[in-house]
Amino acid sequence: MELIQKTSDLSAYLAADEAIDHTHPLVRDTAARLAKDAADSYVYARAAFEFVRDTIPHSADSGDMRVTWRASDVLEQGTGICHAKAHALAALLRAEDIPTALCYQRLLHDDGSGFVLHGLVAVRFDGAWHRQDCRGNKPGVDAQFSLDGERLAFPVDAAAGEVDYPALFAAPHPVMLDVLKRAPDRPYLWKTLPEGLPE
């Protein structure tokens, strides 16, 4: 699949916004700590990915009812769903001048009852975009940082109606961000998550 930048200006994928608030002191401090032992930007990107994947539990896996959406809040509270964790990873990568996009998949619910919009990121290295999924591993999910072939959490089954969206967004999709901001808790969020990106 060919990934498509929604914004031609690459600097947009380094920008801070209300969700990817990489100018926040907690984001900057976390990035500096991770960068301290990184020999180069590749090593840093892997360290940031593994930090978000492994040290911030996916709230559905951990049973946490809180909803986070701003990168600094994800880092401070140590919880989030895939979208929130993607915002946190994007902030950490952009804090170290690594262009990072947000991207999405339409996936079947675990019980097959319908579809849900899943969030991940893409990083730009050597003139190409590479998708990464930091949602967190569990039995049956083994996502890895990779610039040589995707190692995502979920393979898409097109025959079942699942979709890999090729669009690379510089900011969170407004529909998804609005749902996250309105949710008082995760059970409510689960009921209001979009099934896919609007046409």
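A brief structural summary. All residue numbers here refer to positions counted from 1 along the written sequence of the relevant chain. Since the coordinates come from a predicted model, pLDDT governs what is reported: local features require at least 70, and pairs of side-chain atoms require 80 or more to be given and counted, while whole-chain, interface and lining totals use all residues. Here the side-chain values reflect all heavy atoms present in the structure, with hydrogen atoms and water set aside.

With respect to helix H2 (residues 41–55)
Turning to step 1, where the next piece is worked out: The end-to-end C-alpha distance of H2, which contains 15 residues, comes to 20 Å, matching closely the 21 Å that a straight helix rising 1.5 Å per residue would cover.
Turning to step 2, where the next piece is worked out: Each residue is placed in one exposure class: buried if its accessible area under a 1.4 Å probe, protein chains only, is under 20% of its type's maximum, exposed if it is over 50%, and partly exposed if it falls in between. Helix and strand definitions here come from DSSP, where helices need a minimum of 4 consecutive H or I residues and strands a minimum of 2 consecutive E residues; each element is numbered from the N-terminal end. Every buried residue of H2 is accounted for by Tyr44, Ala45, Ala48, Phe49, Phe51, Val52 and Arg53.
Turning to step 3, where the next piece is worked out: Of the surrounding elements, those touching the buried residues of H2 are helix H1 (25–36), helix H4 (71–77), helix H5 (82–95), strand S3 (115–125) and strand S4 (128–132).
Turning to step 4, where the next piece is worked out: Identification of polar contacts relies on pairs of N or O atoms within 3.5 Å, with a donor-acceptor requirement for protein atoms, meaning one able to donate a hydrogen and the other able to accept it, and with residues adjacent in sequence counted only if both atoms are side-chain atoms. Measuring from the backbone nitrogen of tyrosine 42 back to the side-chain oxygen at the start of H2 gives 3.1 Å, which picks out aspartate 40 as the cap. Expected helix span is given by 1.5 Å per residue-to-residue step, counting one fewer step than there are residues. Working rule for contacts: check all heavy atoms of both residues, and any pair within 4.5 Å makes them a contact.

Some thoughts on the packing of aromatic side chains
Turning to step 1, where the next piece is worked out: Two aromatic rings from Phe, Tyr or Trp, using only the six-membered ring of Trp, form a pair when their centres are within 6.5 Å; if the ring planes differ by under 30 degrees the pair is stacked, by over 60 it is edge-to-face, and anything between is tilted. For the structure on display, the rule yields four aromatic pairs.
Turning to step 2, where the next piece is worked out: Ring plane angle 55° and centroid distance 5.8 Å describe the contact between phenylalanine 49 and phenylalanine 145, whose orientation is recorded as tilted. Taken as a pair, phenylalanine 49 in helix H2 and phenylalanine 145 in the loop between S4 and strand S5 (163–164) lie far apart in primary sequence, 96 residues in all.
Turning to step 3, where the next piece is worked out: Since its relative accessible area comes to 1%, phenylalanine 49 is described here as buried.
Turning to step 4, where the next piece is worked out: We call a charge positioned above a ring when the Lys NZ or Arg CZ atom is no farther than 6 Å from the ring centre and deviates by at most 35 degrees from the ring normal. The ring of phenylalanine 115 is capped by arginine 106, whose NZ or CZ atom sits 3.6 Å from the centre of that ring.

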